[in-house]
Amino acid sequence: MLDDLLGRTELKAQIEALEERRDRLEARLEAESERRADAVTEKQEAEERANRLEDRIADLEGRLEAAERPDDDSGVGFRYEETLRGGRADAVLDRLASLNGGPEGVLTAYVDAEPPPELRDLLGDRTPLVARASPCLVCADDAGLVAVALRPPVAPEPFAEWAESPRIERSWVRPTGRFALAVVRSDIFAVGVYEGAERVAYEGFESRVKSDHSKGGFSQGRFERLRDEQIAAHVEDCVETLDSVGADRRYVVGDRRLIDEFDADATAAVDASGKPKAALEDAFTDFWSVRLYGL
């Protein structure tokens, strides 16, 4: 009765109604936030797949260009192609390293542009294959028994030299010693410190970056600027995190648009999707794969 006289009953009813409305709005907001987070992840995964396809297209365009060059009239193709990973990579590389061609019997050359004269003289009409595989490490003996090209994860400086056996430094093609490998996308970052193939330290995080689904009332131009600013801030955090990691060598992989922002010994565009730790595991496998071509 007293509440009715003082007007409290009506106020309490209004408060309850407002609290119910607040709870409904909070539930909607939480559901919308989850939906937007899922949309960001889905878009990022789509972007990574697109990056992977762009790499494949660029590779095929390079092969087409090489095939259309005036000096590429041999009509020859690769004898075989294979992507080497894990134990298979170790076995093939060990076998290749065991080749002994006698004094000055094996030529090794790293090619990132035009094949050197020594390689042209040795391979003859198969030389255009090197252009298709490049950048690559070529190993061939003077008896014509072995002629292969490898695309190593870590590229050395171009060279060409004759020796008894191929010059293939393990750190070019396989995980050795202490190093850091980081994977970066516009929404995630992860870095692992490795001793060979064993990860001994890990750090990773996610960042909220606006997606097309969260544009809301922003104009397109303002939305893009805000998103670019968020990505730039994310990259700054990634660089700072990587700089705090102690390792002899640093490799950065991931989104082709971001990897060049880092000071690294090697970079590569890879399709690493999912949460930070899962993305790092996929990136490690992709980065340390070696493409093998039979010339």
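First things first, this report covers the structure right here in the doc. Keep in mind the model is a prediction, meaning the values are calculated, not measured.

A look at helix 8 (residues 276-287)
Part 1 of the argument: In this model helix 8 runs 16 Å from its N-terminal to its C-terminal C-alpha over 12 residues, within 8% of the 16 Å that 1.5 Å per residue would give.
Part 2 of the argument: Contacts made by the buried residues of helix 8 are with strand 6 (178-184), strand 7 (188-195), strand 8 (198-206), strand 9 (249-254) and strand 10 (266-269).

Quick notes on the sheet that holds strand 7
Part 1 of the argument: Read from one edge of the open sheet, five strands run 8-7-6-9-10, paired in mixed fashion. Each edge of the open sheet is held by one strand with a lone partner, namely strand 8 and strand 10. Neighbouring strand axes in the sheet, compared pairwise and without regard to direction, differ in orientation by 15° on average.
Part 2 of the argument: Pairing analysis gives six bridges linking strand 6 to strand 9, with the strands arranged parallel. Its bridge partner being in strand 9, V184 is matched across the sheet by G254.

Considering the sheet that holds strand 5 (residues 159-163)
Part 1 of the argument: In spatial order, the strands read 1-11-4-3-2-5; together these six strands make up an open sheet with antiparallel pairing. If you trace the sheet from one side to the other, it starts and ends with strand 1 (80-84) and strand 5, each paired once. Averaged over all pairs of adjacent strands, the angle between their axes in this sheet comes to 15°, without regard to strand direction.
Part 2 of the argument: Bridge count for strand 4 (residues 147-151) against strand 11 (residues 290-294) is four bridges, and the pairing is antiparallel. What sits directly across from V148, in strand 11, is G294.
Part 3 of the argument: With respect to the sheet, helix 3 (residues 86-97) is in contact with strand 1, strand 3 (136-141), strand 4 and strand 11, its orientation differing from that of strand 1 by roughly 120°.

Side note on the layout of surface pockets
Part 1 of the argument: Space inside the second largest pocket adds up to approximately 230 Å³.
Part 2 of the argument: Residues of the lining of the second largest pocket, tallied by class, amount to 10 nonpolar, no polar and four charged.

As for the packing of aromatic side chains
Part 1 of the argument: Applying the stated criterion to the full structure yields 11 aromatic pairs.
Part 2 of the argument: Centroid distance F179 to Y194: 5.3 Å. Interplanar angle 10°. Geometry classified as stacked. In this pair, F179 sits in strand 6 while Y194 sits in strand 7, placing the two residues 15 residues apart along the sequence.
Part 3 of the argument: Exposure remark for F179: the relative accessible area of 0% places this residue in the buried category.
Part 4 of the argument: Take Y194: its relative accessible area is 3%, and that puts it in the buried class.
Part 5 of the argument: These aromatic residues form a ring-pair network of at least three members: F179, Y194, Y251, F284, F287 and W288.
Part 6 of the argument: Against the face of Y202 rests K277, its NZ or CZ located 4.7 Å from the ring centre.

Let's talk about the pairing of strand 9
Part 1 of the argument: Where burial is concerned, most of strand 9 is hidden: six out of the six residues are buried.
Part 2 of the argument: Burial along strand 9 is two-sided: the face carrying R249, Y251 and V253 and the face carrying R250, V252 and G254 are both buried.

Some details on the pattern of salt bridges
Part 1 of the argument: All chains considered together, the criterion is met by 14 salt bridges.
Part 2 of the argument: Close ionic contact of D90 with R174 constitutes a salt bridge, the shortest N to O distance being 2.9 Å. One end of the pair, D90, is in helix 3; the other, R174, is in the loop between helix 6 (170-173) and strand 6, and 84 residues separate them in sequence.
Part 3 of the argument: In this structure D90 comes out as partly exposed when scored by relative accessible area, which is 28%.

Topic: helix 3
Part 1 of the argument: Between its first and last C-alpha, helix 3 extends 17 Å over 12 residues, near the 16 Å set by a 1.5 Å rise per residue.
Part 2 of the argument: Within the sequence span of helix 3, burial applies to A89, V92, L93 and L96. For helix 3, the angular spread of the buried residues around the axis is 95°, confining them to a single face. Facing away from the buried side of helix 3 by more than 90 degrees, the exposed set consists of G87 and R95.
Part 3 of the argument: Buried residues belonging to helix 3 abut strand 1, strand 3, strand 4, helix 6 and strand 11.

A short note on the nonpolar core
Part 1 of the argument: In terms of nonpolar packing, the biggest core is built from 18 residues, with F179, L181, V183, Y251, V253, F287 and W288 touching the most fellow members.
Part 2 of the argument: Listing elements by their share of this core, those giving two or more residues are strand 6, strand 7, strand 9 and helix 8.
Part 3 of the argument: For this core, the leading source of residues is helix 8, giving five residues.
Part 4 of the argument: With residues up to four places along the chain from it excluded, the contact list for V253 reads L181, A182, V183, V184, I259, A268, V270, A283 and F287.
Part 5 of the argument: Judged by nonpolar contacts, the second largest core, of 16 residues, contains F78, V111, V138 and A140.

Calculation criteria
Residues numbered from 1 in each chain as written. Predicted model: local features only at pLDDT ≥ 70, side-chain atom pairs only at ≥ 80, totals over all residues. Heavy atoms only, no water. Helix = DSSP H or I, 4+ residues; strand = E, 2+ residues; numbered from the N terminus. Expected span 1.5 Å × (residues − 1). Contact = heavy atoms within 4.5 Å. Pairing = 2+ DSSP bridges. Axes fitted to C-alpha atoms, helices over the stretch in contact; angles between N-to-C directions. 1 Å grid on protein atoms, 1.4 Å probe; cavity = no way out; pocket = protein on both sides within 12 Å on 5 of 7 lines; lining within 4 Å. Points joined across faces, edges and corners; volume = space filled by probe spheres on them. Nonpolar A, V, L, I, M, F, W, Y, C, P; charged D, E, K, R; others polar. Phe/Tyr/Trp six-rings, centres within 6.5 Å; stacked < 30°, edge-to-face > 60°. Buried < 20%, exposed > 50% of the residue type's maximum accessible area, 1.4 Å probe, protein only. Lys NZ or Arg CZ within 6 Å of the ring centre and 35° of its normal. Salt bridge = Lys/Arg side-chain N within 4 Å of Asp/Glu carboxyl O. Arc of directions from axis to C-beta. Core = buried A, V, L, I, M, F, W, Y, C linked by side-chain atoms within 4.5 Å.

Just geometry here; none of it tells us what the structure is for.
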